[in-house]
Amino acid sequence: MKTITFLAALLLLIFHFSLFTFHCEAQVPQALNYQAVLRNSSGNPFINTTACMRFSIRNGQFNPIIYQETQSVTTNGFGLFTVKLGTGTVVTGPFAAITWNTGNQYLQAEMDLSCTNTWTDMGTSELLTVPFAFYAASGTPGPTGAIGANGIDGSTGATGINGATGATGTNGTNA
C-alpha cells in the first residue's frame, strides 16, 4: 500500500511540474497601458462614472485607421481610468499586426458616456518611445554566431571556342 501511495504521489508531482513548465512563457505582452481623466466641457472630472471608450491607431495623424477597439471603463474618485490597449473589443484590424517599427503611430481616444455610439473626440497624440525601448536599444547585444568554413572550390570549366575575326576597318586620313 505504501508503494502505491508513493507512486501516486510521485506521478502527481511529475504531472504538476510538467504542467508548470508547459505554461511558462516569456513574451512581450501585446498591450499598451493607457490612463486618462474623463472631464466634462467645463473641465470637471466625471467621478465614479462608467463610460465607453474607443481607441484608434493610425500610421500617420490623418491616415486611415489600422486598429480600433472599444472598452468599458469606470473612473475613480478623481475621474481617472486605466486600460490596456490591445485587450478591448476589436472593431478594426489585429493589434499584433500594427507595424510599430515604422514609427509615426498616432492614438485617438473617444468617449461615449451613454454607450450608444455617440462618440466625443478626446484628442489624438503621437505614440512616442518609452524608457524601456531606450534601454533595449542601448543594451548589450547578444553573441554573434560562428562563421562557417568556406566550401571547396569547384573545378574550372572548359575554355570556350574563339569567335570569328571581324572585318578590317578603313584607315583615316593623316593630318
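Note that this is a predicted model, so its numbers are computed, not measured.

A. Spatial organisation of the state of the cysteines. On inspection of all chains with the given rule, the structure shows one disulfide. For Cys-52, the disulfide goes to Cys-115, at an S-S distance of 2.0 Å. On the sign convention where negative means left-handed, the S-S torsion of about 110° between Cys-52 and Cys-115 marks this disulfide as right-handed. Taken together, the residues span a long stretch of sequence, with Cys-52 in strand β2 (residues 50-59) and Cys-115 in the loop between β6 (105-112) and β7 (120-126) at a distance of 63 residues.

B. Focus on the sheet that holds β7. On the basis of which strands lie adjacent, the open sheet formed by five strands has the order β5-β3-β2-β6-β7 and antiparallel pairing. Single-partner strands in this sheet number two, and they are β5 (89-92) and β7. In this sheet, adjacent strand axes meet at a mean angle of 20° when their direction is disregarded. With three bridges joining them, strand β3 (residues 65-74) and β5 adopt antiparallel strand pairing. By the bridge assignment for β5, Gln-68 is matched with Thr-92.

C. Fine view of the side chain of Gln-108. Relative to the assigned elements, Gln-108 resides in strand β6. Its relative accessible area of 13% is what places Gln-108 among the buried residues. Contact partners of Gln-108, with chain neighbours within four places excluded, come to Arg-54, Phe-55, Ser-56, Arg-58, Asp-121, Gly-123 and Thr-124.

Rules used in this analysis
- Residues numbered from 1 in each chain as written.
- Predicted model: local features only at pLDDT ≥ 70, side-chain atom pairs only at ≥ 80, totals over all residues.
- Heavy atoms only, no water.
- Disulfide = S-S within 2.5 Å.
- Helix = DSSP H or I, 4+ residues; strand = E, 2+ residues; numbered from the N terminus.
- Pairing = 2+ DSSP bridges.
- Axes fitted to C-alpha atoms, helices over the stretch in contact; angles between N-to-C directions.
- Buried < 20%, exposed > 50% of the residue type's maximum accessible area, 1.4 Å probe, protein only.
- Contact = heavy atoms within 4.5 Å.

Interpretation in functional terms is not warranted from these geometric data alone.
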